[in-house]
Amino acid sequence: MYDIENYYNAETIKEAVLLLKEHPDARIISGGSDVLIKIREGKMAGTSLVSIRDIKEIRGIRLMDSGDIFIGAATTFSHVTKDPVIQKLIPVLGEAVDQVGGPQVRNIGTIGGNVCNGAVSADSAPTLFSLNAMLRIADGTGGRMVPIQDFYLGPGRVDLHQGDVLTHIVIPGKDYQGYHGFYIKYSMRNAMDIATLSCSVVSRIDPQKKVLEDVRITFGVAAPVPYRCHKTEEALKGMEIGDELFAKVEALVREEINPRDSWRASKAFRLQIGGEIAKRALKESIRRGMVDDENAAGGEQS
Amino acid sequence: MIGKSVPRVDAYEKVTGRAKFTDDMILDKCLVAKVCHATIGNGIVKSIDTSEAEALDGVVKVVTFKDVPNHCYPTPGHPWSVELAHQDVADRNLLTGRVRYYGDDIAAVVAEDEVTASRALKLIKVEYEEYPVVLSPRLSMRGSEHPIHLDKKDNILARSSFAIGDVDKGLEDAAVQIHRSYKTPIVQHCHIENNISYAYMEKGRIVVVSSTQIPHIVRRVVGQALGIPWGQVRVIKPYVGGGFGNKQEVLYEPLNAFLTMQVGGRPVKIELTREETFTNTRTRHSIEYEMTAGVDREGHLLAKEMTAYSNQGAYASHGHAIAANGLTASRLQYACPNIRGEAYTVYTNCPTAGAMRGYGIPQVCYATESFMDDIAYEIGMDPLEFRRKNLIHGYYEDAYLKPIAANSNGIFECLDKGAAYIHWDEKRKAYADQTGDIRRGVGMALFSYKTGVWPISLEIAGARLSLNQDGSVQLQVGATEIGQGADTVFSQMAAETLHMDISRVHIVTMQDTDVTPFDTGAYASRQSFVTGTAVKECAQLLKQKILDYARTLVPGNVDRLELEDGYILADGRQAISLEELAMESYYSLSNSSVLTAEVSRQVKKNTVATGCCFAEVEVDMKLGKIKVLDIVNVHDSGVLLNPQLAAMQVHGGMSMGMGCGLSEQLLLDKKTGRPLNGTLLDYKLMTTMDTPDLTAEFVELNDPMGPYGNKALGEPPAIPGAPAIRNAVLHATGIGFAEIPLTPQRLIDGFTKAGLI
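Just so it is clear, the model here is predicted, and its values are computed rather than measured.

1. So, the overall build of chain A
For step 1, the next point in the chain: Summing up its helical and strand segments, chain A has 13 helices and 14 strands in all.
For step 2, the next point in the chain: Relative to the compact-globule value of 19 Å for 302 residues, chain A shows a C-alpha radius of gyration of 20 Å, a close match.
For step 3, the next point in the chain: When its C-alpha atoms are laid out on the principal axes, chain A stretches across 60 × 50 × 35 Å.
For step 4, the next point in the chain: A burial count over chain A gives 56% of its 302 residues as buried.
For step 5, the next point in the chain: When contacts within chain A are restricted to residue pairs at least 6 apart in sequence, those whose partners lie at least 24 apart make up 61%.
For step 6, the next point in the chain: Accessible surface, chain A as shown: approximately 13,400 Å² in total, 51% of it carbon and sulfur.
For step 7, the next point in the chain: Computed over 37 positive and 40 negative side-chain charges, the inter-centroid distance for chain A is 3 Å.

In structure tokens:
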């Protein structure tokens, strides 16, 4: 039995915004896989809820003519993973959200909820950071676009005010075209778990010259909010692909991230794992770039 | 019927959702009770104010520690002892103002619904005086200013010891002396169905419906706790969603019974949350071991010594029985002339430890079998060869507790099967001296396990059979089905002895202490052995009554009457069907007498089961991850009553063993003793994605003590997995970890310290 005071159902974005303004104590519920847990734990007990589950316009994924990908905030993890646009253009995102919890949670939890919950361990976050995602937020007055880097304010805190509704996550074409990515979730078991540490690497290579042209490395659970390793990225750009590059990413990441000591894992432990998973994720993203290049070359020959 | 993989008799009911569990039977307008748990780990309640909670709309009653009976009562699911010295420690009140662990029960709210009860809990105002929290048994036994229980000034609940031969001399004579320390974690049963009960009054008596392994013991303890005659209590046990020992304990049933009395007998439910199940029920004892041994040049054990420090937590529960069980096991199975053992069970401010599948043997097996591998490593001998050199062939008996004995002993056959399965010799060679980032190893461990609790405690079981009009039978036992398949094997036993198809045996699955024969319940891997003995005798008795009655119906002089496949055979020929006989017994105008049989049997027997686990692992050195590539348990549990059920039992146990070895541990905050990870998210129970294919193999020897040649299988599968995996990691990496579980943190720390990464 959940301690919920009132429940309001919105069918359009506008209605959701109005309901939220009308009931300042009400919180948004989408899939409920975070909200219901907080109610059960007592943290949000007695709250009122505005449901956005029935708003059709914020579900599903669209590829725009510009090449930008619009992901509806209320799209479930399962639908993100199985979406043909995601599978073809940014498979790393589909793979990342396929590591959330278990099948039941992935069928109910949404990618927008994952972001708005503000948890640093969110499986979608590192990859969305590495893809330079933009967030489209409706507020009843025309709305705004916020870079995901600016959206996370602290643990469990995001740049949303009462009456704001995240409607879409936008992946700009220029930020994924020509790039390949890989996400590693490091957790204590292989399912039904949250990340102890996670890393998403998105990279662009010149396969002929065997050079790393561009790279974006983001960690989950290495700081209070998802953390882009800008210093490491700058030092790696332009490096030749090889053992030196991989040794360097491991060492630099350990210098740059600042994970905490907790009963879940020590700082020393997270630093060891951090360097190792950054190296393995970079290797795999580069390998994917190489394979793609070979396939493209094979295609031209035939 | 015995030895056949007949489908579970409850399979269809459970799969279709028709089977009724406690929560499915809740009465209309049942009130809901919630317990107010202390938010300090040690101290006293200075003041408690419940006025706001009482004023909340929908709250029916609030009680605190000031309102409950003063006398203490015991909680473990042991048979009662009529000898004062052997009675369980009574150290608990229904609610307490002396807080002994974080979460101790200080008050309770009864309300119209769950939300109201939860809201009322938040309105109770409590002030505490705090004492320092002590979580380590070795620290706690130095004594504290405020002993956890007043009558144990040094916090030691109990100590026991034994000595065989001359250990000091044996160690002196040894070519090599080895000393090691080991430690096991606090783990939790994690049964799917959280603890739940409801209670109401009927004709001045209290009825408690509970998810329990031990209905007859619940009846006794509710009577003791409330100070009322035991006959005033009726306990009903529906289907149970797992227990693993945590329901071999009387938990909130006495409080539940007390609360219904407080509200005029209206039904009241207490359903624990998962968090409460972790903190406020029972756990497996964490035990620390100091081990010393001496071996001669050929690798024979000349002497061994063990000291155990068992962390009891805040209340006695099963208490010293767990550490003492480990002491007994430490002198069985290995042929060592000089053995010494000592065990302490110590109160601390941890959650209370109690019974859990294996009852102290998973802990002692982890320490012993890790130690055996460490000795073999030290003297450069193959660990399997070391075992074979030191294990006893054939019969052996305990030096102290008669008649505990290996009346059949298949350990060498088990080892051969396990070694062949895992390709021991090849892989021990192939994986020697690895240096890479990914390393593999194979390891093994073995165990012995008693069947039931005789002679340490009473063994008694009851069974009742009655012949129905159609020639089928009704079977009633006091032993409980808790998911292990007990109902199925009891039905098979009755069918076997009565020579009928299992479809003709109708077992009554629900126990009701008003009508069910007396039996102490599901624990100690006892039921197929002890209750099995009662079922067999009961079936033999009914069979005799059927044949005696048949003699009145079959005309002429007949030498030999037999019961076979639903017919009475007179000198080998079908004379009358069982159905016809049954109809006569019910309705004959001249000679009707319905045929029933009832047996209450004390069983003064015991026999030792054995087995082993072999595991192959792959260690990712830089990520601190262990992957179990292959794992097999081989069991000698005598004749298998139902091979499919037996394999199921082994699979479940293997999963538990792996969890304990790899990922499960209940962590406590050092300052307050508050569980840090008492949820199924943070307590890392293995999921199917973490579990490799599990292989179960058996060595079937006919045990002369078992009613059908069978011996213990319920608990043994959970025992050898953790040390086998630990020993495989030793083989892979050269690091013999002292403490489990082998979490990534522990591996990375160990590898870093050893300079491997």
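2. Some thoughts on the overall build of chain B
For step 1, the next point in the chain: A count of helices and strands for chain B gives 19 helices and 27 strands.
For step 2, the next point in the chain: Against the globule reference of 27 Å for 757 residues, chain B gives a C-alpha radius of gyration of 27 Å, in line with a compact fold.
For step 3, the next point in the chain: Dimensions of chain B, computed from C-alpha atoms along their principal axes, come out at roughly 90 × 70 × 45 Å.
For step 4, the next point in the chain: Burial analysis of chain B (757 residues in total) assigns 63% to the buried set.
For step 5, the next point in the chain: Put simply, of all contacts in chain B between residues at least 6 apart along the chain, 80% involve residues at least 24 apart.
For step 6, the next point in the chain: About 27,300 Å² of surface is accessible on chain B, with carbon and sulfur atoms providing 51% of the total.
For step 7, the next point in the chain: Here chain B holds 75 positive side-chain charges and 91 negative ones, and the gap between their average locations is 2 Å.

3. Considerations on helix α6 (residues 215-226) of chain B
All names here are of chain B.
For step 1, the next point in the chain: For α6, which comprises 12 residues, the first-to-last C-alpha distance of 17 Å matches the rise-based estimate of 16 Å (1.5 Å per residue) to within 8%.
For step 2, the next point in the chain: With 11 of its 12 residues buried, α6 lies for the most part within the structure.
For step 3, the next point in the chain: If you check which residues of α6 are buried, you get P215, H216, I217, V218, R220, V221, V222, G223, Q224, A225 and L226.
For step 4, the next point in the chain: Residues of α6 that are buried sit in contact with β10 (205-210), β11 (233-237), α7 (253-262) and β20 (511-512).

4. Concerning the UniProt feature "domain: FAD-binding PCMH-type" (unreviewed entry) in chain A
For step 1, the next point in the chain: Here the UniProt feature "domain: FAD-binding PCMH-type" (unreviewed entry) sits at residues 1-176 of chain A.
For step 2, the next point in the chain: Secondary structure across residues 1-176 of chain A comprises 35% helix and 24% strand; the distance between its end C-alpha atoms is 44 Å.

5. Here's the deal with the pairing of strand β2 (residues 43-49) of chain B
Residues and elements named next belong to chain B.
For step 1, the next point in the chain: Here β2 pairs with strand β4 (residues 98-99) via 2 bridges, running antiparallel. Looking at the pairing, G43 lines up with V99 of β4.
For step 2, the next point in the chain: As paired strands, β2 and strand β6 (residues 125-130) are joined by 6 bridges and run antiparallel to one another. Of the residues in β6, the one forming a bridge with D49 is K125.

6. Here's the deal with the UniProt feature "domain: Aldehyde oxidase/xanthine dehydrogenase a/b hammerhead" (unreviewed entry) in chain B
For step 1, the next point in the chain: When the UniProt feature table is mapped onto this chain numbering, "domain: Aldehyde oxidase/xanthine dehydrogenase a/b hammerhead" (unreviewed entry) sits at residues 16-132 of chain B.
For step 2, the next point in the chain: Summarising residues 16-132 of chain B: 13% helix, 30% strand, and an end-to-end C-alpha distance of 52 Å.

7. Let's talk about the packing of α6 of chain B against α7 of chain B
Residues and elements named next belong to chain B.
For step 1, the next point in the chain: Two elements in contact, α6 and α7, have axes whose closest approach is 9 Å; the angle formed by their N-to-C orientations is 55°. On the basis of the axis angle, α6 is oblique to α7. As α6 packs across α7, the resulting crossing turns out to be right-handed. Contact residues: α6 offers V218, V221, V222, A225 and L226, while α7 offers E253, P254, A257, F258 and M261.
For step 2, the next point in the chain: Looking at the contact of α6 with α7 residue by residue, the classes come out as 9 nonpolar, no polar and 1 charged.

8. Observations regarding the sheet that holds β4 of chain B
Within a sheet, neighbouring strands are paired by backbone hydrogen bonds and run either parallel or antiparallel to one another.
For step 1, the next point in the chain: Strands sit in the order β4-β2-β6 (chain B) across an open sheet of 3 strands; the sheet is antiparallel. This sheet does not close on itself; its edge strands, each paired only once, are β4 and β6 of chain B.

9. Some thoughts on the domain arrangement of chain A
Quite often, the size of an interface is put as the accessible area lost when its parts meet.
For step 1, the next point in the chain: On domain assignment, one finds that chain A holds domain 1 (4-51), domain 2 (57-174) and domain 3 (178-301).
For step 2, the next point in the chain: Inter-centroid distance (C-alpha atoms) of domain 1 of chain A to domain 3 of chain A is 37 Å.

10. Overview of the interface of chain B and chain A
For step 1, the next point in the chain: Facing 29 residues of chain B, the contacting portion of chain A comprises 28 residues.
For step 2, the next point in the chain: Both faces combined, the contact of chain B with chain A buries some 2,400 Å², and carbon together with sulfur accounts for 53% of it.
For step 3, the next point in the chain: Contact with chain A buries surface across chain B, with K622, L623 and Q745 of chain B losing the most and accounting together for 22% of the total.
For step 4, the next point in the chain: Our count for the contact surface shared by chain B and chain A stands at 6 salt bridges.
For step 5, the next point in the chain: Of the charged contacts, one joins R280 of chain A and D620 of chain B as a salt bridge, the two residues approaching to 2.8 Å between their closest N and O atoms.

11. Focus on the packing of helix α10 (residues 361-378) of chain B against helix α11 (residues 383-390) of chain B
Residues and elements named next belong to chain B.
For step 1, the next point in the chain: At a closest axis distance of 9 Å, the pairing of α10 and α11 adopts a crossing angle of 110°. Accordingly, the angle class assigned to the pair α10 and α11 is roughly perpendicular. On α11, the residues that touch E369, M372, D373, I375 and A376 of α10 are P383, F386 and R387.
For step 2, the next point in the chain: For the contact of α10 with α11, the class distribution of residues is 5 nonpolar, no polar and 3 charged.

12. A few points about a nonpolar patch on the surface
Residue and element names in this part refer to chain A.
For step 1, the next point in the chain: A surface patch of nonpolar side chains, about 300 Å² in accessible area, is lined by Y2, I4 and Y7.
For step 2, the next point in the chain: Relative to the assigned elements, Y2 resides in the segment before β1 (4-9).
For step 3, the next point in the chain: A relative accessible area of 42% places Y2 in the partly exposed class.

13. Focus: the pairing of strand β22 (residues 567-570) of chain B
Residue and element names in this part refer to chain B.
For step 1, the next point in the chain: As paired strands, strand β21 (residues 561-564) and β22 are joined by 4 bridges and run antiparallel to one another. For L563, the partnering residue across the bridge sits in β22 and is I568.
For step 2, the next point in the chain: From the end of β21 to the start of β22, which pair antiparallel, there are 2 residues, and D565 there has a positive phi angle of about 50°.
For step 3, the next point in the chain: The pairing of β22 with strand β23 (residues 573-577) spans 4 bridges and is classified as antiparallel. What sits directly across from L569, in β23, is Q574.
For step 4, the next point in the chain: The loop that links β22 with its antiparallel partner β23 comprises 2 residues; one of these, D571, has a positive phi angle of about 50°.

14. Considerations on the packing of aromatic side chains
How two aromatic rings sit relative to each other is set out by the distance from centre to centre and by the angle between their planes.
For step 1, the next point in the chain: The tally for this structure, following the rule as stated, stands at 14 aromatic pairs over all chains.
For step 2, the next point in the chain: Centroid distance Y101 of chain B to Y315 of chain B: 6.4 Å. Interplanar angle 90°. Geometry classified as edge-to-face. One end of the pair, Y101 of chain B, is in the loop between β4 and β5 (105-111); the other, Y315 of chain B, is in the loop between β14 (301-313) and α9 (320-329), with 214 residues separating them in the sequence. Comparing Y101 of chain B with Y315 of chain B, the two get one shared label, buried.
For step 3, the next point in the chain: Taking 5.5 Å as the distance between ring centres and 90° as the angle between the ring planes, the aromatic pair formed by W424 of chain B and F614 of chain B counts as edge-to-face. Here W424 of chain B, found in helix α13 (residues 424-430), pairs with F614 of chain B, found in strand β25 (residues 608-620); they are 190 residues apart in sequence, far enough to count as distant.
For step 4, the next point in the chain: Residue classification places W424 of chain B among the buried residues on the basis of a relative accessible area of 2%.
For step 5, the next point in the chain: Here F614 of chain B falls in the buried class, since its relative accessible area comes to 0%.
For step 6, the next point in the chain: An aromatic cluster is present here, built from F129, F151 and Y152 of chain A joined pairwise through their rings.

How each quantity is defined
Residues numbered from 1 in each chain as written. Chains lettered and ligands numbered in written order. Predicted model: local features only at pLDDT ≥ 70, side-chain atom pairs only at ≥ 80, totals over all residues. Heavy atoms only, no water. Helix = DSSP H or I, 4+ residues; strand = E, 2+ residues; numbered from the N terminus. Rg over C-alpha atoms; globule rule 2.2 N^0.38 Å. Buried < 20%, exposed > 50% of the residue type's maximum accessible area, 1.4 Å probe, protein only. Contact = heavy atoms within 4.5 Å. Areas by Shrake-Rupley, 256 points an atom, 1.4 Å probe, with all protein chains shown as cover. Lys, Arg positive; Asp, Glu negative; His and termini not counted. Charge placed at Lys NZ, Arg CZ, Asp CG, Glu CD. Expected span 1.5 Å × (residues − 1). UniProt positions renumbered as here; feature names shortened; annotations may be inferred. Pairing = 2+ DSSP bridges. Axes fitted to C-alpha atoms, helices over the stretch in contact; angles between N-to-C directions. Parallel < 35°, antiparallel > 145°, perpendicular 65-115°, else oblique. Left-handed = near helix turned anticlockwise from the far one by under 90°. Nonpolar A, V, L, I, M, F, W, Y, C, P; charged D, E, K, R; others polar. Domains from an automatic or database assignment. Buried area = accessible area lost by both parts, 1.4 Å probe. Salt bridge = Lys/Arg side-chain N within 4 Å of Asp/Glu carboxyl O. Patch = residues over 30% accessible without salt bridge, like charges linked within 9 Å, V, L, I, M, F, W, Y side chains within 5 Å. Phe/Tyr/Trp six-rings, centres within 6.5 Å; stacked < 30°, edge-to-face > 60°.

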